[in-house]
Amino acid sequence: MILTSVKTAFGLCLLSTVTVAHAETGVGVETGYVLNTVLLLFCGVLVMFMAAGFAMLEAGTVQSKSVVMILAKNIALYSIASVLFLAVGFQVMYGDGNSFFGSLQFWQPADANGPVLTSGQPESATWFFQMVFTATTASVISGAIAERVKFWPFAIFVVALTGFLYPIVGHWTWGGGWLSEYGFSDFAGSTIVHSVGGWAALAGVILLGARRGRFNEFGTPQVLSPSSLPMVTLGTFILWLGWFGFNGGSQLALSSAVDAHAVATIFANTNGAAAGGVLAAAMASQFLYQRLNLTMMLNGALAGLVSITAEPLMPSLSLSVGIGGVGAIVMLVCTHLLERLRLDDVVGAIPVHLAAGIWGTLAVPLSNPAANLLVQAIGIVSVGAFTFSASFAIFYAMRQSIGIRLTRRHEAAGGDLSEVGMRAYNFE
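Just so we're clear, the structure is a prediction, and the values are computed from it rather than from any experiment. (Residues numbered from 1 in each chain as written. Predicted model: local features only at pLDDT ≥ 70, side-chain atom pairs only at ≥ 80, totals over all residues. Heavy atoms only, no water.)

1. A word on the overall build of the protein
Within the protein, the secondary structure is distributed over 15 helices and 0 strands. Compactness check: the protein gives a C-alpha radius of gyration of 23 Å against a globular reference of 22 Å for 428 residues, within 12% of the reference. Oriented by its inertia axes, the alpha-carbon framework of the protein measures out at about 90 × 55 × 50 Å. Split into buried and exposed, the 428 residues of the protein put 55% on the buried side. For the protein, long-range pairs separated by at least 24 residues make up 79% of all intrachain contacts whose partners lie at least 6 apart in sequence. Here the protein contributes 16 positive and 19 negative side-chain charges, whose respective centroids are spaced 18 Å apart. (Helix = DSSP H or I, 4+ residues; strand = E, 2+ residues; numbered from the N terminus. Rg over C-alpha atoms; globule rule 2.2 N^0.38 Å. Buried < 20%, exposed > 50% of the residue type's maximum accessible area, 1.4 Å probe, protein only. Contact = heavy atoms within 4.5 Å. Lys, Arg positive; Asp, Glu negative; His and termini not counted. Charge placed at Lys NZ, Arg CZ, Asp CG, Glu CD.)

This is the structure we're talking about:
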């Protein structure tokens, strides 16, 4: 009996030792390769599903005469991003080059002939996960400049954005470029993804001008009826869901207990920030307007999500809620500022993705002691200056040559009829 007890105790101690060792060192190489691949592919699919969220949010926000057009732009931009990030974008972002630019060549996976276990995951899984981030960047722009931009100039801009502009910024940071060397920290892309889309959207909004009827002769903003608020709400929930892949997948590994704990923490903090954004927007709208504002609450969720994206791992859950709440307030202030400047952002992409993205990037040092506030500010300014000036130049060149805005007659009829030739809804 004593011998049996000793053997049992020894076995439990051995099992405990093995468990602790695996928790610290991770699983075997092949198992780790599989787990890392599953994480990237699963989270990449969640981020891809965000394309549906953007499509629903934008289709519900625009007027009913522009729904088909916005849906066409959303499926086109995802397809363009898929091809351009394959053709040049991935290599511009991660290829061998210098501190500012990768390389110009068609991507071919180095492990095309079979798994290279020491790499941690297949290169094609890395490409897919990074490609869906590229498409997300383009999706930010489509809603901001909706209802007056022509389809083909928009498509041309997406080619430039997904093939070059976004990958260049990505090379500076995630590709080991000069901002990375300085110590700039952006875990999942508050600046690299969301602010890049926001800066490009701002350039487009300025050069396109406001939709006719958006502001009266005194500059007072007028409400242009959205086609479907339930659709906007559905789109927001889809984006909220997709964000777990956006932030959680950016851990890039699931081959140890440390990685698994990190992914779980990121999920919890991401959810907390979104909830904080909703509640802050609800309370602010009640205070400002003496009633709830659904669109502000929905954008509050998105602003909270953008804000936590720069550092979703290090904050406590309570700090995450606070970061999301402040992000929603920043979004509200930026929304009012754009209206005062008569800048027409149809879906609120600039307040959500640019303004909240800046706040989230500056908030990183609140929880990450390795981050430096000055370096974070340098990253924001550098990315903003490059993206805005390049986007402005591209939009301006097209405005002077092929034109970027629908004619007055076509805008009045709506892009659905003038450019696509069909309606989303049958009103007869």
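2. Looking at the confidence of the model for the protein
Residues of the protein with pLDDT of at least 70 account for 93%, and the chain-wide mean is 92. Note that residues 1–25 has pLDDT below 50 and, in this model, 5 contacts with residues that lie over four places away or in other chains. (pLDDT = per-residue confidence, 0-100.)

3. Overview of the packing of aromatic side chains
Geometry of an aromatic ring pair is reported as the spacing of the ring centres plus the angle between the planes. Counting across every chain of the model gives 19 aromatic pairs. Judged by centre distance (4.9 Å) and plane angle (50 degrees), the rings of Phe129 and Phe133 are tilted. With Phe129 and Phe133 both in helix α4 (residues 123–144) and 4 residues apart, the pair spans about one turn of that helix. Assessed through its relative accessible area of 1%, Phe129 is described here as buried. Arranged with centres 5.2 Å apart and planes meeting at 55 degrees, the rings of Trp172 and Phe386 form a pair that is tilted. On the criterion of sequence distance, the pair formed by Trp172 in helix α5 (residues 151–173) and Phe386 in helix α13 (residues 373–401) is long-range, its members being 214 residues apart. Among the residues examined, Phe386 registers a relative accessible area of 22% and is labelled partly exposed. Taken together, the aromatic side chains of Phe85, Phe90, Tyr94, Trp107 and Trp127 make up a single cluster linked through ring pairs. The residue whose ring lies beneath Lys73 is Phe154, and the NZ or CZ to ring-centre distance is 4.8 Å. (Phe/Tyr/Trp six-rings, centres within 6.5 Å; stacked < 30°, edge-to-face > 60°. Lys NZ or Arg CZ within 6 Å of the ring centre and 35° of its normal.)

4. Regarding the side chain of Thr309
Among the secondary structure elements, Thr309 is positioned in helix α10 (residues 294–309). Setting aside residues no more than four positions away along its own chain, Thr309 makes contact with Asp186, Phe187, Ala188, Gly189, Ser190, His194, Trp243, Phe246 and Asn247.

5. Some remarks on the pattern of salt bridges
Under the definition given, this model contains 6 salt bridges. Linking Asp344 and Arg211 is a salt bridge whose minimum nitrogen-to-oxygen distance equals 2.7 Å. Here Asp344 is found in the loop between α11 (317–340) and α12 (349–362), whereas its partner Arg211 is found in the loop between α7 (190–208) and α8 (229–248), with 133 residues between them in sequence. Across the pair, exposure class does not vary: Asp344 and Arg211 are buried alike. (Salt bridge = Lys/Arg side-chain N within 4 Å of Asp/Glu carboxyl O.)

6. Quick look at unusual backbone geometry
Most peptide bonds adopt trans geometry, and most residues besides glycine take a negative phi value. With a phi angle near 75 degrees, Glu147 is a residue other than glycine that sits in the positive phi range. Along the chain, Glu147 turns up in the loop between α4 and α5. With a phi close to 70 degrees, Leu252 is a non-glycine residue in the positive phi region. Considering the arrangement of structural elements, one finds Leu252 in the loop between α8 and α9 (257–289). Judged by its relative accessible area of 39%, Leu252 is partly exposed.

7. Observations regarding the environment of Gly360
With respect to the helices and strands, the residue Gly360 is situated in helix α12. Sequence spacing of Gly360 and Thr191 is 169 residues, and the spatial spacing of their C-alpha atoms is 8.3 Å. Gly360 has contacts with Ser307 and Ala310, leaving out every residue within four places of it along the chain.

8. Focus: the environment of Ala371
Mapped onto the fold, Ala371 is located in the loop between α12 and α13. Spatially, the C-alpha atom of Ala371 lies 7.1 Å from that of Phe184, the residues being 187 residues apart in sequence. In this structure Ala371 touches Ser185, Val364 and Pro365, once residues within four positions along its chain are discounted.

9. Thoughts on α7
End to end, α7 covers 25 Å across 19 residues, agreeing with the expected 27 Å (1.5 Å per residue, within 8%). Largest kink in α7: about 25 degrees, centred on Val196. Among the 19 residues in α7, 18 count as buried, and that is most of the element. Following α7 by one or two positions, Gly209 has its phi on the positive side, about 85 degrees. (Expected span 1.5 Å × (residues − 1). Bend = angle between axes of the 7 residues up to and from the residue.)

10. With respect to a nonpolar patch on the surface
On the surface, Val34, Val38 and Phe42 cluster together into a nonpolar patch covering about 280 Å² of accessible area. One can find Val34 in helix α2 (residues 29–61). We classify Val34 as partly exposed; its relative accessible area is 45%. (Patch = residues over 30% accessible without salt bridge, like charges linked within 9 Å, V, L, I, M, F, W, Y side chains within 5 Å. Areas by Shrake-Rupley, 256 points an atom, 1.4 Å probe, with all protein chains shown as cover.)

11. Notes on the environment of Val88
With respect to the helices and strands, Val88 occurs in helix α3 (residues 67–94). Between the alpha carbons of Val88 and Leu317 there is a distance of 39 Å; along the sequence they are 229 residues apart.

12. Section: the packing of α12 against α13
Axis separation between α12 and α13 bottoms out at 9 Å; the angle between their running directions is 155 degrees. Taken as axis vectors, α12 and α13 run roughly antiparallel relative to one another. Remark: the crossing between α12 and α13 carries right-handed chirality. Along its contact with α12, which presents Ile358, Thr361 and Leu362, the element α13 presents Leu373, Gln376, Ala377 and Ile380. Broken down by class, the residue content of the contact of α12 with α13 amounts to 5 nonpolar, 2 polar and no charged. (Axes fitted to C-alpha atoms, helices over the stretch in contact; angles between N-to-C directions. Parallel < 35°, antiparallel > 145°, perpendicular 65-115°, else oblique. Left-handed = near helix turned anticlockwise from the far one by under 90°. Nonpolar A, V, L, I, M, F, W, Y, C, P; charged D, E, K, R; others polar.)

13. Focus on the packing of α10 against α12
Where α10 contacts α12, the axes come no closer than 8 Å and their chain directions differ by 40 degrees. Considering the angle they form, α10 stands oblique to α12. As for the relative orientation of α10 and α12, their crossing is right-handed in sense. Note on element contacts: α12 touches α10 through Val352, His353, Ala356, Gly357, Trp359 and Gly360, opposite Asn299, Leu302, Ala303, Val306 and Ser307.

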